[in-house]
Structure formats: C-alpha cells, structure tokens
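Coordinate analysis (summary)
Take a look at the letters that make up each chain.
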Amino acid sequence: TVIQDAMQNSLKIKLEGSATGITDDGVYAFANSLQLKNVELPQEYKDAISSKQRAEEDIALAKNQRRQETTKAQTEKLAAEEEARKILETAYNTGNVTIIEADLKAEETLFAFGKEKQVLLQAKDNFNLTANGILAYMTNQLYAKSTEKM
C-alpha cells in the first residue's frame, strides 16, 4: 500500500493546499482516506512481480530436486555398501573353504605317509630287511601297482 499512501499524500496536498490542512485562501479541507479503483500498475512492476514469482518457484523446484537427488544418492550408496558387504563375506567364506580344504589335504597326505611308514617299518621288522632291502621291497610294490593298471 505504498502506492496508496503516496497517492493519498499527493491528493491531500492538492485538496488541502498544504500539509497543514488550511489553504492559502483560508478554506479548510481534510482528506480522511483514499480508495483506489482501477489502478493500473506499470508493466515493469508487473514484470518484476512475475519474475520474482518464477524465481521463487524455481527455487522451490530446485530444493525438491536436490532432496530427490540426495535420497537417490543415499539409496544408491546403501545398495553399494550392501553389495560390498556381500562381496567381502563371499571372499571371506571362499578363503575359509580354501584353507579348510588345504588343511584337510595336508592331513590326508600326512596320514598316507604315516601309514606308508608303518607298512615299511613292519616289513623291515617282519622280513629283517636292511635299507637296500626296503628299497627293493618298495620297488616290487611299485612294479605290482603299475602292472595292475595295464
């Protein structure tokens, strides 16, 4: 209502003749209020209002888009973290399985060599074999196994 106040002051001076309310010829007039009708605002003013409204709408839109993009980025981040967790768990489990398999294979090999040692010691004791006798015994065992496969 800045425009209305300015127009009221202008009209008051025109009607009353001065700011005190008494004209030069002694006539007293008082402008109590002013009601504006059909006031046409300047085009520049209308354009400024429209521009401000568009800017406010653009700001609101940008804020909404930022909120949406933030939510989208957080969702993608959570999905990536979950995928990374799954990959790490799979790698950890695969590593554990490989270690367990290697330990079992080592135990199996040690067990087989232990049994072979027992067989050779028993053959040495039962047949009173020397080191050369043990080697000959082992050669005979290998020869027997190779002929079975043929």
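Quick caveat, the model's predicted, so the values are computed rather than measured. (Residues numbered from 1 in each chain as written. Predicted model: local features only at pLDDT ≥ 70, side-chain atom pairs only at ≥ 80, totals over all residues. Heavy atoms only, no water.)

1. Focus on the overall build of the protein chain
In plain terms, the rule: Every helix listed is a DSSP run of H or I at least four residues long, and every strand listed is a run of E at least two residues long, numbered separately from the N terminus. Three exposure classes are used, based on accessible area relative to the maximum for each residue type with a 1.4 Å probe and protein chains only: buried under 20%, partly exposed in between, and exposed over 50%. A contact between two residues is defined here by any heavy atoms of the two lying within 4.5 Å. Working definition of accessibility: Shrake-Rupley area with a 1.4 Å probe, residue cover restricted to the visible protein chains.
Per the secondary structure count, the protein chain includes 3 helices and 0 strands. Within the protein chain, the proportion of its 150 residues that are buried is 7%. The contacts of the protein chain with a sequence gap of at least 6 include a subset with a gap of at least 24, amounting to 23%. For the protein chain, the exposed area adds up to about 13300 Å²; of that, 58% sits on carbon and sulfur atoms.

2. Things to note about the pattern of salt bridges
Selection rule: Salt bridge, as used here: a side-chain nitrogen of Lys or Arg that lies within 4 Å of a carboxyl oxygen of Asp or Glu.
Scanning all chains against the criterion turns up 6 salt bridges. Between Glu56 and Lys52 there is a salt bridge, and its shortest N-O distance comes to 4.0 Å. Note that Glu56 and Lys52 are positioned in helix H2 (residues 43-127) at a spacing of 4 residues, about one turn of the helix. Judged by relative accessible area, which is 54%, Lys52 ranks as exposed. For Glu81, the salt bridge is made with Lys77, and the minimal N-O distance between the two is 3.6 Å. Of the two residues, Glu81 and Lys77 both sit in helix H2, 4 residues apart, roughly one turn of that helix. One continuous salt-bridge network, built from bridges that share partners, spans Glu82, Arg85 and Glu89.

3. Observations regarding H2
Selection criterion: A helix's residues, less one, multiplied by 1.5 Å, set its expected span.
With 85 residues, H2 should cover 126 Å at 1.5 Å per step; its first-to-last C-alpha distance of 123 Å lies within 8% of that length. Of the residues one or two after H2, Asn128 is the one with positive phi, at around 50 degrees.

4. Digging into a nonpolar patch on the surface
Keep this limit in mind: In this analysis, a patch consists of residues with relative accessible area above 30% that form no salt bridge, clustered at 9 Å for like charges and at 5 Å for the nonpolar side chains Val, Leu, Ile, Met, Phe, Trp and Tyr.
Judged by side-chain polarity, Ile3, Met7, Val39, Leu41, Tyr45 and Ile49 come together as a nonpolar surface patch covering roughly 460 Å² of accessible area. Residue placement: Ile3 occurs in helix H1 (residues 2-16).

5. Considerations on unusual backbone geometry
Its identity as a non-glycine residue notwithstanding, Asn128 has a phi of 50 degrees, on the positive side. Within the fold, Asn128 resides in the loop between H2 and helix H3 (131-149). For Asn128, a relative accessible area of 69% puts it in the exposed group.

6. Observations regarding the confidence of the model for the protein chain
To be explicit about the condition: pLDDT is a residue-level measure of predictor confidence that goes from 0 to 100.
Within the protein chain, residue pLDDT values average 86, and 83% of them lie at 70 or more. Per-element confidence in the protein chain is highest for H2, whose mean pLDDT is 95, and lowest for H1, whose mean pLDDT is 72.

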